[in-house]
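# Close look at the chain arrangement
Here is what each chain is made of, one letter per residue.
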Amino acid sequence: MKKAVRSTYVKLSLVAILCLCNYQQVEACTIFCGKDSNGHVWAGNNEDGTFNFKTYLNVFPKTTETKYGYYTLSYNSPKNGANQNAQGGMNEAGLFFDFNALDASGKQYPIKDLEKKKSFPKGDHKIYEHILGNLERVEEVVAFFEEYWFNIGFNTVQMHLADKYGGFAMIGPSGSRILKNEKYQVSTNFSICANDETYGCWRYPIAVEKLENGPIALETFRDICQSTAQGNHVSTIYSNIQNLNTGELWFYYALDYKNPYHTTLSELLLKGRKSYHIPSLFKNNPLYQVIHKLKESGGGEALSLFENMKLSPKHKEGLLTIMAYSFADVGNNFEAYPFVEAYLKINPEWRSLQTYKATWQYFNGDPLEAIKTLEDYKKLVPDTGLDVARISRRFEGKFDEDWNSEIVLNGHQDAKYVFVKGFDRNTGNFLFKKNGKWVGKFKLPQGIHNYTFSVDGKIVFDSKTPIHHINSIFSQEPFDTHQVFVGMTKDIYRTTIKVSVPNQEDVVQIAGNQKNLTDWNSVLKLKKVSDYEREITLDLHFPAVFKFTRGTWQSEGIVKGNETLIDDEYYKVLQIDLDWDGRTFEIINWRDRL
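Residues numbered from 1 in each chain as written. Predicted model: local features only at pLDDT ≥ 70, side-chain atom pairs only at ≥ 80, totals over all residues. Heavy atoms only, no water.

Take the overall build of the protein chain next. Helices and strands together make up the secondary structure of the protein chain, namely 13 helices and 34 strands. Taken over the C-alpha trace, the protein chain has a radius of gyration of 25 Å; the compact-globule value for 594 residues is 25 Å, and the two agree within 12%. Seen along its three principal axes, the alpha-carbon backbone of the protein chain occupies a region of about 70 × 70 × 45 Å. Each of the 594 residues in the protein chain was classed as buried or not, and the buried ones make up 56%. A fraction of 68% describes how many contacts in the protein chain between residues 6 or more apart in sequence connect residues 24 or more apart. As displayed, the protein chain has an accessible area near 25,200 Å², and 48% of this comes from carbon and sulfur atoms. The centroid of the 69 positive side-chain charges in the protein chain is displaced by 3 Å from the centroid of its 71 negative side-chain charges. (Helix = DSSP H or I, 4+ residues; strand = E, 2+ residues; numbered from the N terminus. Rg over C-alpha atoms; globule rule 2.2 N^0.38 Å. Buried < 20%, exposed > 50% of the residue type's maximum accessible area, 1.4 Å probe, protein only. Contact = heavy atoms within 4.5 Å. Areas by Shrake-Rupley, 256 points an atom, 1.4 Å probe, with all protein chains shown as cover. Lys, Arg positive; Asp, Glu negative; His and termini not counted. Charge placed at Lys NZ, Arg CZ, Asp CG, Glu CD.)

Right under this line is the structure:
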């Protein structure tokens, strides 16, 4: 090997550098708890994010290793309710927790006293099981996190806690807070423990006012859920309310606060270890009925059913958004096109929906009308980032002139439309039917691009393209995918990265340009091998591009030979290639110590 390291400057976008706790899918949740006049403690939560149709209620009876039974909530798979991707839960001892994301302000939070904390002996994936299975008071949870912390994550979320004894607490990267003898606690998307401002969060004062002036009771909690529910790009997927003393549970789905799923934790535990698909618990829910009608009779009749439903304006607009954006657009489902057209009458400036509309017109045999739709949108939003010219060329049957990646799906000649699932749908991610294949040629940036195919709205794989099984610590669950490599090796190399530090207590985290380097989320901690040495061993594609931090981009490691700031904002990234000689990097200082 000849060269030790290459330094390259990459302007990291805000999207790339926002750290996500435990790679969880928490977004703009509203969480609140309070103590009623009878001494009972209530807790409520709005689970907010891009609408996800795969959400689960997971029930765990006590075992020989746990003292209490409990439930958790998860996205995408029941498996995520049994590991570090659980979204929240409650146990039969009356302990509750849920999470808020903290990145609404674009701010990052260094983990307080991380150098003093230990890794949990059973691993990150057993932490929530330990808490719900064995603890009953918020003080116990706070004490646990004063001793232990995650090896990966927990940089930009906070944990909202309550117990049946009236204890409330918050735990975040900036520290913890315990409240006693208080009537209520509210959290949204700003750091309680860092004493941050609300960043203009409209939901927080609504919840506070209702808890301050109304009785702590089911009706008030349902009112808060409904009043703070969201129905745009970020939607309230479900709401959950629980009485921590009686174990009663109420779930509400897709903005419907009239038809709850009501049960108790004890009833669920009697049925044994089970996971429930949350949408299936709400057969009378308007969204459930609309989707069922769409699958049974098509988009036109589904829209007619929807328009005749007697719903509040907020509820109706929220469901229309879910159908147009999450079901039709994100889901690449052209059967739901009538909902997109209906929504664009309300908000014609929604870029991805206009792209969806134009693509629908193209696949329905009217490329000229598709191009006109994009041109009209460009007149409506002149400063749009949508590459109208590029997509219009694709509507004319032309590939990107400077393409570097050919994507092919063999067969499926009877399909109506095919998309590359995983590519940006705002750049014309559809394929053309040519000579018994579906073909697309794309200009893709350097990196590893995971993709599958969406054929008439259903995910499929190509029979002649290698399928890669991804089982990364940064994936919520293992998954299969096709991959295209642009400027990266297809082969994987086991690589040990070593670094020396200026202070014995320094904790070093790494973030970089691929899944095993966290995809630029600064949440992966290096192992301490001596007072001044840290290292990590990873399976990497080359070139591997990365930085060292102490958990935020405001605490970058200043590496010897790479001391010059670019635009007073970032240092150069580090890059190792196949010719790397394995030398130890030397951090000479930290940016926040200057």
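So, next bit.
Compared with an ideal rise of 1.5 Å per residue, which puts 13 residues at 18 Å, helix 11 (residues 351-363) spans 19 Å between its outermost C-alpha atoms and is within 8% of the ideal. Most of helix 11 sits out of view: 10 of its 13 residues are buried. Every buried residue of helix 11 is accounted for by S352, L353, Q354, T355, Y356, A358, T359, Q361, Y362 and F363. Residue G365 follows helix 11 closely and has a positive phi angle near 85 degrees. (Expected span 1.5 Å × (residues − 1).)

A few words on the packing of helix 4 (residues 203-213) against helix 5 (residues 218-227). Two elements in contact, helix 4 and helix 5, have axes whose closest approach is 10 Å; the angle formed by their N-to-C orientations is 165 degrees. Regarding the angle of helix 4 to helix 5, the classification is roughly antiparallel. The two elements helix 4 and helix 5 cross, and the hand of that crossing is right-handed. Of helix 5, the residues touching helix 4 (which contributes I206, A207, K210 and L211) are T220, F221, D223, I224 and S227. Grouping the amino acids of the contact of helix 4 with helix 5 by side-chain chemistry returns five nonpolar, two polar and two charged. (Axes fitted to C-alpha atoms, helices over the stretch in contact; angles between N-to-C directions. Parallel < 35°, antiparallel > 145°, perpendicular 65-115°, else oblique. Left-handed = near helix turned anticlockwise from the far one by under 90°. Nonpolar A, V, L, I, M, F, W, Y, C, P; charged D, E, K, R; others polar.)

Glancing now at the pairing of strand 15 (residues 248-253). Extensive coverage of strand 15 is indicated by the burial of five of its six residues. Strand direction decides the pairing type here: strand 14 (residues 235-243) and strand 15, joined by five bridges, are antiparallel. Each bridged residue has a counterpart across the sheet, and for Y238 the counterpart in strand 15 is Y253. Here strand 14 folds back onto strand 15 in antiparallel fashion, the turn holding four residues, of which G247 has a positive phi close to 80 degrees. In this sheet, strand 16 (residues 256-264) lies alongside strand 15 in antiparallel orientation, the contact comprising five bridges. Across the sheet, the residue bridging to E248 is T264, located in strand 16. (Pairing = 2+ DSSP bridges.)

Here the focus is the nonpolar core. Formed by 92 residues in total, the largest nonpolar core has its most connected members in Y253, L287, F339, F395 and F453. For this core, the element with the highest residue contribution is helix 9 (residues 313-329), accounting for eight residues. Not counting residues up to four positions away in its chain, the partners in contact with L287 are F51, F53, Y253, A254, L319, I322 and M323. Core analysis: the second largest hydrophobic core is formed by 29 residues, F99, F120, V138 and L161 among them. (Core = buried A, V, L, I, M, F, W, Y, C linked by side-chain atoms within 4.5 Å.)

Before going further, it helps to examine the pattern of salt bridges. Two side chains carrying opposite charge are able to pair once their charged atoms lie near each other. Evaluation of the coordinates by the stated rule reveals 15 salt bridges. As a salt-bridge pair, E139 and K180 come within 3.4 Å of each other at their nearest N and O atoms. Here the residue E139 occupies a position in helix 3 (residues 138-147), and K180 occupies one in the loop between strand 12 (175-179) and strand 13 (184-187), the gap between them amounting to 41 residues. Assessed through its relative accessible area of 54%, K180 is described here as exposed. Salt-bridge contacts for K515 lead to D519; the nearest nitrogen and oxygen are separated by 3.7 Å. Of the residues examined, D519 reaches a relative accessible area of 35% and is grouped as partly exposed. A single salt-bridge network, built from bridges that share partners, covers K547, E556 and R591. (Salt bridge = Lys/Arg side-chain N within 4 Å of Asp/Glu carboxyl O.)

This structure, assessed with the given rule, holds 55 aromatic pairs. Between R273 and the ring centre of F60, over which it is positioned, the NZ or CZ distance is 4.0 Å. (Phe/Tyr/Trp six-rings, centres within 6.5 Å; stacked < 30°, edge-to-face > 60°. Lys NZ or Arg CZ within 6 Å of the ring centre and 35° of its normal.)

One number sums up the size of the second largest pocket: a volume of about 460 Å³. Secondary-structure elements contributing two or more residues to the lining of the second largest pocket are strand 28 (524-525), strand 29 (527-530) and strand 30 (533-540). With three residues, strand 30 is the largest single contributor of residues to the lining of the second largest pocket. Of the residues in the lining of the second largest pocket, the class split is nine nonpolar, three polar and eight charged. (1 Å grid on protein atoms, 1.4 Å probe; cavity = no way out; pocket = protein on both sides within 12 Å on 5 of 7 lines; lining within 4 Å. Points joined across faces, edges and corners; volume = space filled by probe spheres on them.)

This part takes up the sheet that holds strand 6 (residues 88-91). Strand order in the open sheet formed by eight strands is 12-11-10-7-6-5-4-17, and the pairing between neighbours is antiparallel. Two strands bound the open sheet, and with one partner strand each, they are strand 12 and strand 17 (274-277). Sheet twist, expressed as the mean angle between neighbouring strand axes with direction ignored, is 15 degrees. Of the strand pairs in this sheet, strand 4 (residues 55-60) and strand 5 (residues 70-75) are connected by six bridges, and their pairing is antiparallel.

Turning our attention to the state of the cysteines. In total, this model carries zero disulfides according to the counting rule given. Left without a disulfide partner, C33 is nearest to the cysteine sulfur of C225, which lies 13 Å away. (Disulfide = S-S within 2.5 Å.)

Counting buried residues in helix 10 (residues 337-344) gives six out of eight residues, a clear majority hidden from the surface. Looking at helix 10, one finds that the buried residues are Y337, F339, V340, A342, Y343 and L344.

Looking now at the confidence of the model for the protein chain. Across the protein chain, the average pLDDT comes to 90, with 93% of residues at or above 70. Here residues 8-26 scores under 50 on pLDDT; set against residues more than four positions off or in separate chains, the count is 77 contacts. (pLDDT = per-residue confidence, 0-100.)

So, about empty space enclosed by the protein. Under the defined criterion, the tally for this structure stands at three cavities of 30 Å³ or more. By volume, the largest cavity amounts to about 80 Å³. Considering every element that reaches the lining of the largest cavity, the biggest residue donor is helix 11, with four residues. A per-class count over the lining of the largest cavity returns three nonpolar, six polar and two charged. In this structure, the second largest cavity encloses a volume near 40 Å³. Taken together, K547, F548, E556, G557, V559, N562, Y571, K572 and L574 make up the full set of residues lining the second largest cavity. At the level of elements, strand 31 (544-549) and strand 32 (557-559) are the ones that each hand at least two residues to the lining of the second largest cavity. Grouping the constituent residues of the lining of the second largest cavity by class yields four nonpolar, two polar and three charged.

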